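One letter stands for each residue in the lines below.
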Amino acid sequence: MKAVILAAGYGTRMGEKPKGLIKVAGRELIYRTIKNLQKFGVSEFVIVTNEKYKDLYEEFVRKHGFNAKVVVNPKPERGNGFSLHVAKGHVTGRFVLVMSDHIYEERFYELAIKGRGLIADRRPRFVDVDEATKVKVKDGRVEDIGKQLKEWDALDTGFFVLDDSIFEVTERLANEKEIVELRDVVREARLEVTFVDGLFWMDVDTPEELKKARKLIVYTSVKGVGDGFISRHINRKISTRISALLVEHFTPNQLTVITFLFGIFSGLMNLVSVPLAGILYQISSILDGVDGEIARARMQTSKFGGYFDSILDRYVDFTFLLTLAYVSIREPIWWVIAGIAMFSSAMVSYSTERFKGAYCADAYKVIPALRKIPGKRDERIFVTMLFTLLGWIKLLFALLAVWSTLRVAITIYLVRRWDHAH
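Reading the values: rules and limits
- Residues numbered from 1 in each chain as written.
- Predicted model: local features only at pLDDT ≥ 70, side-chain atom pairs only at ≥ 80, totals over all residues.
- Heavy atoms only, no water.
- Axes fitted to C-alpha atoms, helices over the stretch in contact; angles between N-to-C directions.
- Helix = DSSP H or I, 4+ residues; strand = E, 2+ residues; numbered from the N terminus.
- Parallel < 35°, antiparallel > 145°, perpendicular 65-115°, else oblique.
- Left-handed = near helix turned anticlockwise from the far one by under 90°.
- Contact = heavy atoms within 4.5 Å.
- Core = buried A, V, L, I, M, F, W, Y, C linked by side-chain atoms within 4.5 Å.
- Buried < 20%, exposed > 50% of the residue type's maximum accessible area, 1.4 Å probe, protein only.
- Domains from an automatic or database assignment.
- UniProt positions renumbered as here; feature names shortened; annotations may be inferred.
- Expected span 1.5 Å × (residues − 1).
- Bend = angle between axes of the 7 residues up to and from the residue.
- Nonpolar A, V, L, I, M, F, W, Y, C, P; charged D, E, K, R; others polar.
- Salt bridge = Lys/Arg side-chain N within 4 Å of Asp/Glu carboxyl O.
- Polar contact = N/O pair within 3.5 Å; in protein donor to acceptor, adjacent residues only side chain to side chain.

Trainee: Can you explain the packing of helix 8 (residues 229–246) against helix 15 (residues 377–390)? Please cite residues and give values.
Mentor: Contact pair helix 8 / helix 15: the axes reach a minimum separation of 7 Å and the direction vectors enclose 70 degrees. In terms of orientation, helix 8 and helix 15 fall into the roughly perpendicular class. Note that helix 8 runs across helix 15; the crossing there is left-handed. Residues Phe-229, Ile-230, Ser-231, Ile-234 and Asn-235 of helix 8 form the contact with helix 15, whose own contacting residues are Asp-378, Glu-379 and Phe-382.

Structure, rendered in structure tokens:
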């Protein structure tokens, strides 16, 4: 399947830069479009641009090795509908049409690519409705389209699933009119309408929208599953705001190392002040989400990144608990309990990571019951901070020893039950 990406505008409101090549959250807008479409079966791309930006887009295609052809619209002033017409002869059958300055979340692509005609949103959450193109729908097709519609049913998302019969319409309009806008083509063709409602999408026309897009990309880049209660309700609310500030300036691996060093520092602070160390440990837990958020926002997730981060987390936890025991415990029996707490805390993460190695699947995705069991790393760290502030160190080690061991036992039980069912 092919996709046509319209990129012939001059980007006058963005300093006359090719909007598709503007980076948001560390990646070009058009890179995001191509990579996401590739996930859902689009293998070839036609980029329609103007003569001024032709070399820039060709260099971009070569740099990333995309299977894309750059086609020049000799008269971009004739409108984006005419840019679509320029793609005639370069695509046949069913194809996707999308704008170079639009951003969509992955779930949007997944649903939209299965649709037909114009993809519309009846519950827009992330765009300025006053500035958006409205669509009036009748009998499942476009009755009218335009920004100034008083009565409308949905917003045009700038995403279309068409077939090459659309070029009969563009041909006719190109012969009749000097300026052919895409809305003219949509109205004339009375396209079918497919609704994809309430998901993240927006176009980027101004520097202000670029800033908004960066924040929203990060805010929608949290983990789908696996977060504990503290991460969902406290940590992520803070870490996503930090990630939005750092996403243009740091790579995920750089943030992983910085967070690791901060975590080790929090452990060493036990030698100075246990309550302060507990607070810094909780801060390190918040920061621990930043590298993953930035990796997803920058589209730089990797198996090594997750593997590397998981190993470093174990060192941080062991360092913190070991130094806490060193400054707080003298009796041999309590050292045994502290040792069990350290070992079983590491085993909580190991039990789910080992599942991934054995079954090649995410335990939290395939065994939903695991998500409801308290004792994930973020929850243990938050409780650790509270107990260090209260000075209940021995009670903390006893709790961690029992809590973590029990969680591992429940995990083994649930995995065994899942294994027998499959």
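Trainee: Help me get a handle on the nonpolar core, residues and values and all.
Mentor: Grouped together as the largest cluster of nonpolar side chains are 54 residues, with contacts concentrated most on Leu-37, Phe-45, Ile-103, Phe-108 and Phe-159. Residue assignment places this core across two domains, with domain 1 (2–206) and domain 2 (222–420) each supplying three or more. In contact with Ile-103, other than residues within four places in its own chain, are Val-24, Leu-29, Phe-200, Trp-201, Met-202, Val-204, Ala-213 and Ile-217. By size, the runner-up hydrophobic cluster in this structure holds 33 residues, among which are Val-4, Leu-97, Phe-167 and Leu-191.

Trainee: Can you explain the UniProt feature "transmembrane region" (unreviewed entry) in the protein chain? Please cite residues and give values.
Mentor: The UniProt record annotates "transmembrane region" (unreviewed entry) at residues 260–283, 333–350 and 381–403. Helix makes up 100% of residues 333–350 and strand 0%, whereas the separation of the span's terminal C-alpha atoms amounts to 26 Å. Secondary structure across residues 381–403 divides into 91% helix and 0% strand, with the first and last C-alpha atoms of the span separated by 13 Å.

Trainee: An account of helix 13 (residues 332–359) is needed here, citing residue identities and associated values.
Mentor: In this model, helix 13 (28 residues) spans 40 Å end to end at C-alpha, consistent with the 40 Å of a helix rising 1.5 Å per residue. At Val-348, helix 13 shows its largest bend, some 30 degrees. Among the residues of helix 13, those classed as buried are Ala-338, Ala-341, Met-342, Ser-344, Ser-345, Val-348, Ser-349, Ser-351, Thr-352 and Phe-355. Cys-360, located one to two residues past helix 13, shows a positive phi value of around 55 degrees.

Trainee: Help me get a handle on the packing of helix 9 (residues 252–268) against helix 10 (residues 274–287), residues and values and all.
Mentor: Where helix 9 meets helix 10, the axes come as close as 8 Å, and the angle between the chain directions of the two elements is 165 degrees. It follows from the interaxial angle that helix 9 and helix 10 lie roughly antiparallel. As helix 9 packs across helix 10, the resulting crossing turns out to be left-handed. Touching Thr-259, Phe-262, Gly-263, Phe-265 and Ser-266 of helix 9 are Ala-277, Leu-280, Tyr-281, Ile-283, Ser-284 and Leu-287, all from helix 10. Each residue belonging to the contact of helix 9 with helix 10 can be placed in one class, and the counts come to seven nonpolar, four polar and no charged.

Trainee: Now, about the domain arrangement of the protein chain: what can you tell me, with residues and values included?
Mentor: Frequently, the measure chosen for interface size is the accessible area removed from exposure when the parts meet. Each assigned domain of the protein chain is listed here: domain 1 (2–206) and domain 2 (222–420). For domain 1 and domain 2, the distance between their C-alpha centres works out to 43 Å. With nine residues of domain 1 at the contact, the number on the domain 2 side is six residues. Where domain 1 touches domain 2, the interface holds zero salt bridges. Where domain 1 touches domain 2, the interface holds four residue pairs in polar contact (both at pLDDT 80 or more). Sorting the residues of the side of domain 1 that touches domain 2 by element identifies strand 2 (23–24) and helix 1 (29–39) as the ones contributing at least two each. When residues in the side of domain 1 that touches domain 2 are grouped by element, the largest group, four residues, is from helix 1.

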